[in-house]
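As a plain string of letters, each chain reads:
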Amino acid sequence: MLKIKNLLVSLEEENKQILKGVNLTVAAGKVHTIMGPNGSGKSTLGYVLAGKSGYEVTGGTVELEGRNILEMEPEERAAAGLFLAFQYPVEIPGVGNMTFLRTAVNAQRKARGEEELSAADFLKEIRARAKALKIDADMLKRPVNMGFSGGEKKRNEILQMSMLEPKMCILDETDSGLDVDAMKLVAEGVNALRTSGRSFLVITHYQRLLNHIKPDVVHIMVDGEIVKTGGPDLALAVENNGYADILAEVA
Amino acid sequence: MARLKAKYDLAERLLASAPAGGAKWVHDARTAAAARLREMGAPHRRDEYWKYTDPSALTAATARAAVFEDPAETPPFAGLDRVRIVFVDGVYASDLSSDLSDADVVIEPLADAMEKDTHWANGLYGVLEARGQARVNRPLAALNTARAVEGFTIHVTGRARKPVSFVYIHRDATSDAMIHHVIRLEEGAEVTLLENGPVAARSNIVTEIDIPDTARFNHVRAQGRDHERLCATAIFARLGRESIFKSFTLTVNGKLTRNECVAELTGNDAIAHVAGASAGDGTYHHDDTVFITHDAVNCESRQVFKKVLRNGAAGVFQGKILVQPDAQKTDGYQISQGLLLDEDSIFQAKPELEIYADDVACSHGSTVGAIDEGMIFYLTSRGIPRREAQDMLTFAFLGEAVDEIEDETLADEIREKLAGWISRHSA
Ligand SMILES: Nc1ncnc2c1ncn2[C@@H]1O[C@H](COP(=O)(O)OP(=O)(O)OP(=O)(O)O)[C@@H](O)[C@H]1O
Ligand SMILES: [Mg+2]
């Protein structure tokens, strides 16, 4: 599904390298997790994959289902099946959540040469999915993320993911700021989307989410590199001992 | 002194051809207005309130030719049940207008009213305009009072069922229009005024509105589609106790537009809301100059002005809240914002507060900025093409001003026009 080879990324503005050769392959239907200390480059990886400006890719390749996505605009990557749930979802005054999501769904359909979803069908879909995530009608009507609590914003990210049905889902700390019940809702939302054709890259600091979303592979990112890869046990080890052992090991 | 002399010479020249006819009260009003203009001189770039807007095209001897290309687009308010009053190049066209006797407000062409020895407009015509000159010179409005023969007098005695709608058609390439409306409501009366159309190659429109105790006046105006328009408008409103004045203007295109609004809150618990959404692409200069005076207790005023500018377009906002010593419990709010879609465009704002009462809540803010790249990334990362994302944000930005319109049907009319403009000017 996703093949990242020796990815090197610097900031465009300053001469600072953030990703220092990331190698990562996620097979179709698999759930991978990335953990790592603050500032190690996890969000940067998500942003670069989604096509955010301000970063310069100085080396390496990224393929999504065999297509080089680094040359694509963010909207093309989205239409190709990539989705990033933001660590800090953006508030957009004046743009209704519903309008936003319908525009997004139909823009992707159009880009893929599919028929647009009618207003009625869209409404039916979104209502059902919002209900499962306990997002009420009022939140759908409000401007995108405006006045949403931290947890509501995260649930809104999952709602978008659920409506857009991407192939490659990147979740950047979707669990942070969630209460225990909301975490379960989000995990259920993710698990409901798990199919053999859809992959996940879950960035998190905590083992707790992984109790609900069982990862196949766990990676540890330190200072712009994946320094260790293992099974679910690796996340447990981090939870119990922090990164000290791993850092010592790779040093 | 040479410069100053030019200002007064120009005033003389502007006043050169006095209109014929008119009753004595009209003659008196014109003479007084001419004296005001002579006193203050014609507008000049050196004047405090013309610093950001060059008035010379508005006072040139003739109107620069402006061809209006009919875009064959349905004008706003077309589907509404309304009293339609049509002007062609600034001249009332009765054959194109509704039957005025059917309206539940008393509507009379200004020219007819001016021939009557006694008319209620005596005591209002030029009077609110003159009051509006107290703190800031408004020479074009004084000129208008001294020279206008076109326009309407409207007397509203109850709650008008249908809006009164001025439709300004532009046909002649060099038409130069001077229009003056006088509107008087009775206590508790209510009316909605709609205005749309390109007017003329150059136009000067003054509207005086007397809104006594508990009366309500709603105004929605769409200035659009004509790229070459030169236009100056001035609204003078006087508000009584518990009265409400709400005015919204959408401006798209036009070479030069200066919209002045002067509102005086003279009775307790009155409310004045003035808002504007403006969008310009290329040779576009748009100026909102607003002056709100609080002269009574517990009044509320609100100014919301938003402008989107691209390809060298210029936006100006000069907004003032004056709170007189006795105007305690004043709630005054003002926001002006410019969204620049490129680095060639410019937005200049001059917010002013002058407060003499101590128990007041007044706030003002002004921002100017480019489109937010963080928002663009969020939208595009969901699959929305950049151009569409930018249009959504542009629409949302101006939409906050459109939201000031109370009547949802009218707000939707404006939103439709705005969306049309944004999609035509998308890049
Ligand atoms: N636009 C930017 N400007 C300046 N520094 C940046 C920028 N983007 C990222 N960085 C820096 O790059 C490093 C990696 O940041 P990133 O947000 O990817 O870390 P992270 O692993 O997601 O951290 P956290 O766990 O705290 O979310 C940090 O040192 C950060 O300060
Ligand atoms: Mg991060």
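Rules and cut-offs
Residues numbered from 1 in each chain as written. Chains lettered and ligands numbered in written order. Predicted model: local features only at pLDDT ≥ 70, side-chain atom pairs only at ≥ 80, totals over all residues. Heavy atoms only, no water. Helix = DSSP H or I, 4+ residues; strand = E, 2+ residues; numbered from the N terminus. Buried < 20%, exposed > 50% of the residue type's maximum accessible area, 1.4 Å probe, protein only. Contact = heavy atoms within 4.5 Å. Areas by Shrake-Rupley, 256 points an atom, 1.4 Å probe, with all protein chains shown as cover. Rg over C-alpha atoms; globule rule 2.2 N^0.38 Å. Salt bridge = Lys/Arg side-chain N within 4 Å of Asp/Glu carboxyl O. 1 Å grid on protein atoms, 1.4 Å probe; cavity = no way out; pocket = protein on both sides within 12 Å on 5 of 7 lines; lining within 4 Å. Points joined across faces, edges and corners; volume = space filled by probe spheres on them. Nonpolar A, V, L, I, M, F, W, Y, C, P; charged D, E, K, R; others polar.

Peer 1: How would you summarise the overall build of chain A if you had to cite specific residues and measurements?
Peer 2: Assigned secondary structure in chain A consists of 10 helices and 10 strands. A total of 251 residues make up chain A; the buried ones form 53% of that total. Contacts in chain A between residues far apart in sequence, at least 24 positions, make up 69% of those at least 6 positions apart. Accessible surface for chain A amounts to roughly 11200 Å². Of this, 47% is attributable to carbon and sulfur atoms.

Peer 1: An account of the overall build of chain B is needed here, citing residue identities and associated values.
Peer 2: Counting secondary structure elements, chain B contains 9 helices and 19 strands. On C-alpha atoms alone, chain B measures out to a radius of gyration of 21 Å, which is about the 22 Å that the 2.2 N^0.38 rule sets for 427 residues. When its C-alpha atoms are laid out on the principal axes, chain B stretches across 70 × 55 × 55 Å. Burial statistics for chain B: of 427 residues in total, 61% are counted as buried. A separation threshold of at least 6 residues defines the contact pool for chain B, and within that pool the share at least 24 residues apart is 84%. Taken as a whole, chain B presents about 16000 Å² of accessible surface, with 49% of it coming from carbon and sulfur.

Peer 1: Before we move on, can you summarise the environment of glycine 60 of chain A with the specific residues and values?
Peer 2: All names here are of chain A. Position of glycine 60 relative to the elements: it lies in strand β4 (residues 55–64). Measuring from C-alpha to C-alpha, the distance between glycine 60 and leucine 8 comes to 6.1 Å, with 52 residues separating the pair along the chain. Ignoring any residue separated from it by four or fewer positions in sequence, one finds glycine 60 in contact with Lys5, Asn6, Leu7 and Leu70.

Peer 1: Report on the pattern of salt bridges, specifying residues and quantitative values.
Peer 2: All names here are of chain B. Within this structure, the stated rule accounts for 45 salt bridges over all chains. When the shortest N-O distance is used, the salt bridge between lysine 162 and aspartate 81 registers 3.6 Å. Taken together, the positions of lysine 162 in the loop between β4 (152–156) and β5 (164–169) and aspartate 81 in the loop between α3 (56–59) and β1 (83–88) put the pair 81 residues apart, joining distant regions of the chain. Taken together, the shared-partner salt bridges in this structure form one network comprising Arg159, Glu190, Arg216, Lys246 and Glu406.

Peer 1: Could you give an account of empty space enclosed by the protein, naming the residues involved and the relevant values?
Peer 2: All names here are of chain B. Applying the stated rule across the entire model yields 5 cavities of 30 Å³ or more. Here the largest cavity defines a volume of roughly 100 Å³. Looking at the lining of the largest cavity, the elements that each hand over two or more residues are β7 (190–196), β8 (202–211), β9 (216–223) and β10 (230–239). Within the lining of the largest cavity, the residues separate by chemical class into 6 nonpolar, 5 polar and 3 charged.

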